[in-house]
Amino acid sequence: METSLTVKTERLDDVPLLLAHLERMGVSALLDKHFPSHSNWEGLSVGTIVCVWLSHILSESDHCLDHVRPWVSEKLESLQCLVSPRLKELDFTDDRLGSILTRLSAEASWSAFEAELSAHLLQVYDLKSVCVRHDSTTSSSFRSIASPSDQGENLFQYAHSKDHRPDLPQLKVMLASLDPLGMPLGTEVLPGHYADDPLYIPSIERVQQTLEKRGLLHVGDAKLSALESRAFIVASGDAYLCPLSKKQFSQERLAPVLQAAFESQETLREVSRLNAKGETLAIAEGFEHTQRLTAEANGGELCWEERLFIVRSFQYAQAAQRGLDHRLEKAQSEIEALNSRGRGKQRPKNREALQQRIEAIIKHYKVGSLLAVDIQEIQKQQRLRRYKDRPDCVRSHWDFQLQARRLEAPYQQTLRELGWRIYATPLSEKQMTLEDAVLCYRNEFRIEHNFKRIKGALSLRPFHLTREDRIQGLLHLLTIALRVLTLIEFSVRRQVQKQKIEIQGLYPGKPKRATATPTTEKLLEAFGNIQLSIVTLPQQTLYHLNPLSPLQRTILELMQLPLNTYDKIVDNSFKPP
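About the cut-offs
- Residues numbered from 1 in each chain as written.
- Predicted model: local features only at pLDDT ≥ 70, side-chain atom pairs only at ≥ 80, totals over all residues.
- Heavy atoms only, no water.
- Helix = DSSP H or I, 4+ residues; strand = E, 2+ residues; numbered from the N terminus.
- Rg over C-alpha atoms; globule rule 2.2 N^0.38 Å.
- Buried < 20%, exposed > 50% of the residue type's maximum accessible area, 1.4 Å probe, protein only.
- Contact = heavy atoms within 4.5 Å.
- Areas by Shrake-Rupley, 256 points an atom, 1.4 Å probe, with all protein chains shown as cover.
- Lys, Arg positive; Asp, Glu negative; His and termini not counted.
- Charge placed at Lys NZ, Arg CZ, Asp CG, Glu CD.
- Salt bridge = Lys/Arg side-chain N within 4 Å of Asp/Glu carboxyl O.
- Core = buried A, V, L, I, M, F, W, Y, C linked by side-chain atoms within 4.5 Å.
- Disulfide = S-S within 2.5 Å.
- Pairing = 2+ DSSP bridges.
- Axes fitted to C-alpha atoms, helices over the stretch in contact; angles between N-to-C directions.
- Polar contact = N/O pair within 3.5 Å; in protein donor to acceptor, adjacent residues only side chain to side chain.
- Phe/Tyr/Trp six-rings, centres within 6.5 Å; stacked < 30°, edge-to-face > 60°.
- Lys NZ or Arg CZ within 6 Å of the ring centre and 35° of its normal.
- Parallel < 35°, antiparallel > 145°, perpendicular 65-115°, else oblique.
- Left-handed = near helix turned anticlockwise from the far one by under 90°.
- Nonpolar A, V, L, I, M, F, W, Y, C, P; charged D, E, K, R; others polar.
- Expected span 1.5 Å × (residues − 1).

1. Quick notes on the overall build of the chain
Turning to step 1, where the next piece is worked out: Check the secondary structure of the chain and you find 19 helices and 16 strands.
Turning to step 2, where the next piece is worked out: Taking 577 residues into account, the globule formula puts the C-alpha radius of gyration at 25 Å, and the chain, at 32 Å, lies well above it.
Turning to step 3, where the next piece is worked out: Dimensions of the chain, computed from the C-alpha atoms along their principal axes, are close to 125 × 70 × 55 Å.
Turning to step 4, where the next piece is worked out: Scored against the burial criterion, the 577 residues of the chain give a buried share of 47%.
Turning to step 5, where the next piece is worked out: At a minimum sequence separation of 6, the contacts of the chain that also span at least 24 residues come to 69%.
Turning to step 6, where the next piece is worked out: Taken as a whole, the chain presents about 29400 Å² of accessible surface, with 49% of it coming from carbon and sulfur.
Turning to step 7, where the next piece is worked out: Mean positive and mean negative side-chain charge positions of the chain (74 and 72 charges, respectively) differ by 8 Å.

2. Topic: the pattern of salt bridges
Turning to step 1, where the next piece is worked out: Applying the stated criterion across every chain yields a total of 30 salt bridges.
Turning to step 2, where the next piece is worked out: Of the charged contacts, one joins Asp91 and Arg96 as a salt bridge, the two residues approaching to 3.5 Å between their closest N and O atoms. For the pair Asp91 and Arg96, one class covers both residues: buried.
Turning to step 3, where the next piece is worked out: Where Asp196 meets Lys223, a salt bridge forms, and the shortest distance between an N and an O atom there is 3.8 Å. Residue Asp196 is located in the loop between strand S4 (183–191) and helix H8 (200–211), and its partner Lys223 is located in the loop between strand S5 (217–219) and helix H9 (227–235); the two are separated by 27 residues in the primary sequence.
Turning to step 4, where the next piece is worked out: Connected through shared salt-bridge partners, Lys162, Lys172, Asp196, Asp221 and Lys223 make up one network.

3. Some remarks on the nonpolar core
Turning to step 1, where the next piece is worked out: Counting residues in hydrophobic clusters, the biggest one holds 102 residues, and the most contacted among them are Leu17, Phe92, Leu127, Leu458, Leu477 and Tyr566.
Turning to step 2, where the next piece is worked out: Tallying contributions element by element places helix H16 (residues 468–499) first for this core, with 15 residues.
Turning to step 3, where the next piece is worked out: In this structure, Phe232, Cys242, Leu308 and Ala424 belong to the second largest nonpolar core, which totals 30 residues.

4. Thoughts on the state of the cysteines
Turning to step 1, where the next piece is worked out: In total, this model carries zero disulfides according to the counting rule given.
Turning to step 2, where the next piece is worked out: Here Cys81 is not disulfide-linked; the sulfur of Cys51 is the nearest cysteine sulfur, at 18 Å.
Turning to step 3, where the next piece is worked out: The structure places no disulfide on Cys242, whose sulfur is separated from the nearest cysteine sulfur, that of Cys440, by 11 Å.
Turning to step 4, where the next piece is worked out: For Cys242, a relative accessible area of 0% translates into the label buried.

5. Notes on unusual backbone geometry
Turning to step 1, where the next piece is worked out: Residue Pro180 is reached from Asp179 by a cis peptide bond, and omega for that bond is 0°.
Turning to step 2, where the next piece is worked out: Its place among the elements puts Pro180 in the loop between strand S3 (170–178) and S4.
Turning to step 3, where the next piece is worked out: The phi torsion at Gln560 lies on the positive side, around 60°, for a residue other than glycine.
Turning to step 4, where the next piece is worked out: Its place among the elements puts Gln560 in the loop between helix H18 (550–558) and helix H19 (567–572).
Turning to step 5, where the next piece is worked out: Classification of Gln560 by relative accessible area gives partly exposed; the value is 44%.

6. A few points about the sheet that holds strand S12 (residues 420–425)
Turning to step 1, where the next piece is worked out: Strand order across the open sheet formed by nine strands is S4-S3-S2-S5-S6-S12-S9-S8-S7, with mixed pairing between neighbours. Edge positions in the sheet fall to S4 and strand S7 (269–274), since each has one partner strand and no second. Each adjacent strand pair in this sheet contributes to an overall mean axis angle of 25°, direction not counted.
Turning to step 2, where the next piece is worked out: Where S7 meets strand S8 (residues 280–297), six bridges bridge the pair, whose relative direction is antiparallel. By the bridge assignment for S8, Ser272 is matched with Ala282.
Turning to step 3, where the next piece is worked out: Of the strands in this sheet, S3 and S4 touch helix H7 (residues 107–124), which is tilted by about 165° from S4.

7. Digging into the side chain of His134
Turning to step 1, where the next piece is worked out: With respect to the helices, strands and loops of the structure, His134 is situated in strand S2 (residues 131–140).
Turning to step 2, where the next piece is worked out: A distance of 2.8 Å separates a polar atom in the side chain of His134 from a polar atom in the side chain of Ser203.
Turning to step 3, where the next piece is worked out: Within polar-contact distance, the side chain of His134 engages the side chain of His218 at 2.9 Å.
Turning to step 4, where the next piece is worked out: Contact partners of His134, with chain neighbours within four places excluded, come to Met174, Leu175, Ala176, Tyr200, Ser203, Ile204, Val207, His218, Val219, Gly220, Glu444 and Ile447.

8. Concerning the packing of aromatic side chains
Turning to step 1, where the next piece is worked out: For the coordinates displayed, the defined rule picks out seven aromatic pairs.
Turning to step 2, where the next piece is worked out: Consider the rings of Phe35 and Phe113, whose centres lie 6.2 Å apart with planes at 65°: the pair is edge-to-face. Placement of Phe35 in the loop between helix H2 (27–34) and helix H3 (46–60) and of Phe113 in helix H7 is noted, with a sequence separation of 78 residues between them.
Turning to step 3, where the next piece is worked out: The exposure class of Phe35 is buried, given its relative accessible area of 4%.
Turning to step 4, where the next piece is worked out: Consider the rings of Phe262 and Trp420, whose centres lie 6.4 Å apart with planes at 55°: the pair is tilted. Here Phe262 is found in helix H10 (residues 251–263), whereas its partner Trp420 is found in strand S12, with 158 residues between them in sequence.
Turning to step 5, where the next piece is worked out: Through successive ring pairs, a cluster of aromatic residues spans Phe35, Trp110 and Phe113.
Turning to step 6, where the next piece is worked out: In this arrangement the basic side chain of Arg103 is found over the ring face of Trp41, its NZ or CZ atom lying 4.8 Å from the centre.
Turning to step 7, where the next piece is worked out: Seen from the ring of Tyr411, Arg406 lies directly overhead, with NZ or CZ sitting 3.9 Å from the centre.

9. Focus: the packing of helix H1 (residues 15–25) against H3
Turning to step 1, where the next piece is worked out: The N-to-C vectors of H1 and H3 enclose an angle of 130°; their axes lie 9 Å apart at closest approach. When the axis of H1 is compared with that of H3, the two are oblique. When the axes of H1 and H3 are compared, the crossing they make is right-handed. Residues Val15, Leu18, Leu19 and Leu22 of H1 form the contact with H3, whose participating residues are Cys51, Val52, Leu54, Ser55, Leu58 and Ser59.
Turning to step 2, where the next piece is worked out: Across the contact of H1 with H3, the residue classes break down as eight nonpolar, two polar and no charged.

10. Re H3
Given 3.6 residues per helical turn, the α-helix brings residues three or four places apart onto the same face.
Turning to step 1, where the next piece is worked out: Compared with an ideal rise of 1.5 Å per residue, which puts 15 residues at 21 Å, H3 spans 21 Å between its outermost C-alpha atoms and is within 8% of the ideal.
Turning to step 2, where the next piece is worked out: Within H3, 13 of the 15 residues are buried, which leaves it mostly tucked inside the rest of the structure.

11. Comments concerning the environment of Thr565
Turning to step 1, where the next piece is worked out: By the secondary structure assignment, Thr565 is in the loop between H18 and H19.
Turning to step 2, where the next piece is worked out: Separated by 94 residues in sequence, Thr565 and Ile471 place their C-alpha atoms 33 Å apart.
Turning to step 3, where the next piece is worked out: Ignoring any residue separated from it by four or fewer positions in sequence, one finds Thr565 in contact with Pro16, Leu17, Ala20 and Leu82.
Turning to step 4, where the next piece is worked out: In this structure the side chain of Thr565 is engaged in a polar contact, spanning 2.5 Å, whose partner is the backbone oxygen of Pro562.

12. Details of the environment of Ser369
Turning to step 1, where the next piece is worked out: Among the structural elements, Ser369 can be located in the loop between helix H12 (351–365) and strand S10 (371–384).
Turning to step 2, where the next piece is worked out: It is 8.3 Å that separates the C-alpha atoms of Ser369 and Tyr411, two residues lying 42 residues apart in sequence.
Turning to step 3, where the next piece is worked out: Here Ser369 is in contact with Leu407 and Pro410, once residues within four sequence places are set aside.

So, in structure tokens, the structure goes:
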């Protein structure tokens, strides 16, 4: 009698959770709608393959195409239960995944998919579309392209690098995300040498077409402050909040405004916020100023009133003061070092040379109006003994003694002008106060966090692809993964806040540490020990799934996913009679 027995173990970890969340988002159906399979396509649909692939990317932090098939092979029976009995390894070859990336790079189809996906998610997750943030980032690659003087229109170009690698070619990604969760609404992949300023209007237009509403608040950095961009936003019925660059509001223009406020003893409004400990801390102070703007928009002249929030950040001012003090100390030290004598120290031979050295030091440290240099000229006599044909004599030569000192009045005046920044908006006082503006802009880290996730947790770099259309498709794919990360985090935090609880057990080695603001990465790590054991006997197959821990069940409840998200793997498993 045959008594053979085999035991196979498949690691599930967070895969069922991710697949369930992607199903709730409707990603598979929308991908199949906008990227339909052609008549010769065999196997699973594009949407189904992409959802399994996204689970791999999010679970493994790896976008390499040739790593997906082995991963699927290790979880084949589990994935067949979770996704489809027809799922095979050959559905995930690197050639097939590469062809899917080529499809996702089609700009028209991607824009239509992205717009419908965003509209669906706003409805499913009951998201309020009021504030949208816009920003761009770059991503460099170790790849050979044409020389910087002959780059053409390739996606990778040499340009100013935000990654501090100007020696590498790069591409640029323009992203619009919804506040407060940071969910992407619009993505555009562009050549790396494109300037940022012209990218904001197309990004805003994409958001307006996606949300199909007006009255949005568009938030961006100083590059959004281009007059053309501000005029476009006002003409389209939306509003903006952005800091003005020095080109838009120069220091020479700001100085008299500040001086007038100081002389009139205008009361500065204080801005406060809660820190991590729940304490109220003052972070800034400021006042308002208005200006009238005129610009071309929609083929005509547009006039509107703009409110300017002139704000002094305390931390920014303190950092600027430390920098100023450091420059002053260095300048004083180098000027007074001219007094020193010794080997290798060449001293100025006359007053003109000395003055040039002093001016060069002051110019280098930019402290011209803050330092005074006292020069004491000295005429020294030196007695020379007779040597060969030279008789005893006395020779006079010029010398000096320097002392650099800080000018207190200009220094105090400069301190008063440090740390100021100007924010602009067309919104009224009723719609946005000075405090609202400062706190809103300080949340700009949310979109920066998205860029960090794309380059880190979603492993954008290094690029393992060579074809630029597939790189563009990969970036589109990773923005879907970014939506998963932001939505899980937002939905869990919303439930935590609603239930007024904190989650314990997310931090290894600190079981009692609790948090009310868990990240998606930490939540997924909590599912790192779930395994499916498959015991095959001659007459039957047995399945065993280790039970979920209380923490894992709590997370599923907070994500509003069924508690049987994992149990249905065993329920759907094929058991021969």
